[in-house]
Amino acid sequence: MLDNGLRVVVSPDPTTPIAAVNLWYDVGSRHEPAGKHGFAHLFEHLMFEGSAHVAKGEHFEWVTAAGGAAINATTNPDRTNYFQVMPSAQLELALWLEADRMGSLALTQETLDNQREVVKNERRQRYDNPPYGRWVEYAFELTFPEGHPYHHTTIGSMEELQAAALEDFQDFNAVYYSPNNAVLTVAGDVDPAEVVRLAEKYFGGIRPHGAIPPAPDGALPSLKIGETRRRVEPDESVPRPMTFFMFRAPDSRDESFAAVEVLAAVLGRGRGSRLYRKLITEKNLAQREEAYTSTWGLAYGASVFIGLFSPRDGVEAADVESEFLAVLDALADGSAPVSEAELGRAKAILTSDWLRAVGELGGRADMLGQYATLEGDPKVVQDYLARLEAVTAEDVQRVASLILPADNRVVIEYVKPAPQDAAEEDAA
């Protein structure tokens, strides 16, 4: 750790002459105070708008001119990260670029207004205009109570973004984009001592922020939501009916989360999963590849377990939902326990996912940043396979009985409008 609080994680790997540089900031939508929803995501855009020594858009130009690639940033409820992959000989350039925008972001009224419009357009493209685009927004609003840090999505509120003053964003930047709120991870053909030297050279002079406020408490008195359903009004833009499910689950730092991941793979990962075999192979009720479950690894208070299906033409959504929930219920109540073959298949899938991520330098740097930021120790990444291997069929059934019952279920149902002649006949 540098004197200003920046944590530096290095994973040397001389097999390929490249270096993945990943910078995690401990700020996501869960940190946003009331009235400032969307700030964390907007900063994902603002950080590419230039800094003291880098003009707008030049971050991309400098990296690509040096032979770099995979330049991007992402925001989720728990964090924001920035990354690029460089030839290892160009590592110093990447660190200079990241340090320059950490310490001297060009945050002006012009850049703010420009990126507010970009985010508004992104909302239209990702949420408002596409079919099913707002299902996640609806689901999180129903899954987490008003005021909970996961109640709102990262896209935030366009009204609140528009109403905020430049000074509000400058304050947000000063607090959260400080070295003592960040983890720098470098993976690849690098010398650890040299990485630390360069980090000290470029980041060491950036002053820390003295009082980073904690995020709102995400603790919940119970995982149980109740049973809540939202039926989205018929819309011609919806190509076919679609039903989404969201359940509260233990958060990703909980010791039982590996069992939650296994549960998702048993129920709805691939053609060997229970949902695929029942709804598609056996009964031909759902669209191919559209009957599955998965997890979203939120880290504080509770995470979510999600599922969806789309019925085949001529099949009623209610009939598919009945079969879908029957598959979940049979595992949750123990009437159809997990077999050793299912357990082994699920673990093999998840092991493959993990090995693929750590085998690719960008994925490894990202994973180390994740564990350093959310778990406090990047070395915890080494424990994942052991935790996964320790999961038993009984563990899976236990988390299923906790997560899947009807009193912990949000259902978002999209329907297609009735054909005009049928609608007129019904009206008559």
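Sequence order as written defines residue numbering, which begins from 1 separately in each chain. The model is predicted, so local features are restricted to residues of pLDDT at least 70 and side-chain atom pairs to those at 80 or more, both for listing and for counting; the totals for chains, interfaces and linings are taken over all residues. Excluded from the side-chain calculations are hydrogens and water; all other atoms, namely the structure's heavy atoms, are used.

The name given to the chain in an unreviewed UniProt entry is Pitrilysin family protein, with the source organism recorded as Catenulispora subtropica.

A.B. asks: Would you mind showing me how to read the overall build of the chain here?
C.D. replies: Numbering of helices and strands runs from the N terminus, with a helix taken as a DSSP run of H or I at least four residues long and a strand as a DSSP run of E at least two residues long. Scanning the chain from N- to C-terminus turns up 16 helices and ten strands. The quantity called the radius of gyration is restricted to C-alpha atoms. Its globule counterpart is 2.2 Å times the number of residues to the power 0.38. Over its C-alpha atoms the chain spans a radius of gyration of 23 Å, differing by no more than 12% from the 22 Å that the globule rule assigns to 428 residues. Considering only C-alpha atoms, the chain reaches an extent of 70 × 50 × 40 Å along its principal axes. Counting every position in the chain, which comprises 428 residues, the buried fraction comes to 52%. We call two residues in contact when some of their heavy atoms are within 4.5 Å. Put simply, 81% of the contacts in the chain that link residues at least 6 apart link residues at least 24 apart. For the purpose of counting charges, residues Lys and Arg are taken to be positive, whereas Asp and Glu are taken to be negative. His and the chain ends are not included. Charged side chains are reduced to one point each, which is NZ for Lys, CZ for Arg, CG for Asp and CD for Glu. In the chain, 39 side chains carry a positive charge and 65 a negative one; their mean positions are 3 Å apart. Accessibility here uses a 1.4 Å probe with only protein chains present; expressed as a share of the type maximum, an area under 20% marks a residue as buried, one over 50% as exposed, and anything in between as partly exposed.

A.B. asks: Please clarify how the nonpolar core should be interpreted in this entry.
C.D. replies: Note that soluble globular proteins tend to have their nonpolar side chains buried in a common cluster. To qualify as a nonpolar core, a set must consist of buried Ala, Val, Leu, Ile, Met, Phe, Trp, Tyr and Cys residues joined through side-chain atoms within 4.5 Å. Counting 80 residues, the largest nonpolar core has L263, F305 and L404 as its most contacted members. In terms of residue count, helix α9 (residues 257-268) provides more of this core than any other element does, ten residues in total. Not counting residues up to four positions away in its chain, the partners in contact with L263 are F305, L331, V396, V399, A400, I403 and L404. If you look at the next biggest cluster of nonpolar residues, it comprises 52 residues, including A66, L91, Y127 and V195.

A.B. asks: Sorry if this is basic, but what is going on with the packing of α9 against helix α12 (residues 340-359) here?
C.D. replies: In a packed pair of helices, the relevant descriptors are the angle between the two axes and the axis-to-axis distance. Between the N-to-C directions of two axes lies an angle of 0 to 180 degrees, each axis being a line fitted to C-alpha atoms and, for a helix, fitted only over the stretch in contact. Two elements in contact, α9 and α12, have axes separated by 9 Å at closest approach and are oriented at 110°. Taken together, the axes of α9 and α12 lie roughly perpendicular to each other. Contacts between α9 and α12 involve E261, V262, A265 and V266 from the former and E342, L343, R345, A346 and L350 from the latter. Of the residues that constitute the contact of α9 with α12, the class distribution is six nonpolar, no polar and three charged. An angle counts as roughly parallel when it lies under 35 degrees, as roughly antiparallel when it exceeds 145, as roughly perpendicular when it falls between 65 and 115, and as oblique in every other case. Residues are sorted three ways: Asp, Glu, Lys and Arg are charged, Ala, Val, Leu, Ile, Met, Phe, Trp, Tyr, Cys and Pro are nonpolar, and all the rest, Gly among them, are polar.

A.B. asks: Mind showing me how you'd approach the UniProt feature "domain: Peptidase M16 C-terminal" (unreviewed entry) in the chain here?
C.D. replies: UniProt positions are given in the numbering used here, feature names are shortened, and annotations may be inferred rather than shown by experiment. When the UniProt feature table is mapped onto this chain numbering, "domain: Peptidase M16 C-terminal" (unreviewed entry) sits at residues 166-350. End C-alpha atoms of residues 166-350 are separated by 44 Å, and the span's content is 38% helix alongside 23% strand.

A.B. asks: I'm lost on unusual backbone geometry in this one. Help?
C.D. replies: A negative phi angle is the norm for most residues apart from glycine, just as the trans form is the norm for most peptide bonds. The backbone of N284 sits at a positive phi, close to 55°, despite the residue not being glycine. You can see N284 is positioned in the loop between α10 (274-282) and β8 (286-296). Phi at E289 takes a positive value of approximately 65°, unusual for a residue other than glycine. Along the chain, E289 turns up in strand β8. Residue classification places E289 among the partly exposed residues on the basis of a relative accessible area of 46%.

A.B. asks: How should I be thinking about the pattern of salt bridges in this particular structure?
C.D. replies: For side chains of opposite charge, pairing can occur when their charged atoms come near one another. One speaks of a salt bridge when a side-chain nitrogen belonging to Lys or Arg is within 4 Å of a carboxyl oxygen belonging to Asp or Glu. For the structure on display, the rule yields 27 salt bridges. Taking the shortest distance from any N to any O, the salt bridge between K36 and D168 comes out at 4.0 Å. Remark: D168 occurs in helix α7 (residues 166-176) and K36 occurs in the loop between β2 (18-25) and α1 (39-46); sequence separation between them is 132 residues. Its salt-bridge partner being D407, residue K224 comes within 3.7 Å of it at the nearest N-O pair. Of this pair, K224 sits in the loop between α8 (192-203) and β6 (226-232) while D407 sits in the loop between α15 (393-403) and β10 (408-414); the two residues are 183 residues apart in sequence, bridging distant segments of the chain. The exposure class assigned to K224 is partly exposed, which follows from its relative accessible area of 30%. A residue is classified by how much of its surface remains accessible, and D407, at 38% relative accessible area, is partly exposed.

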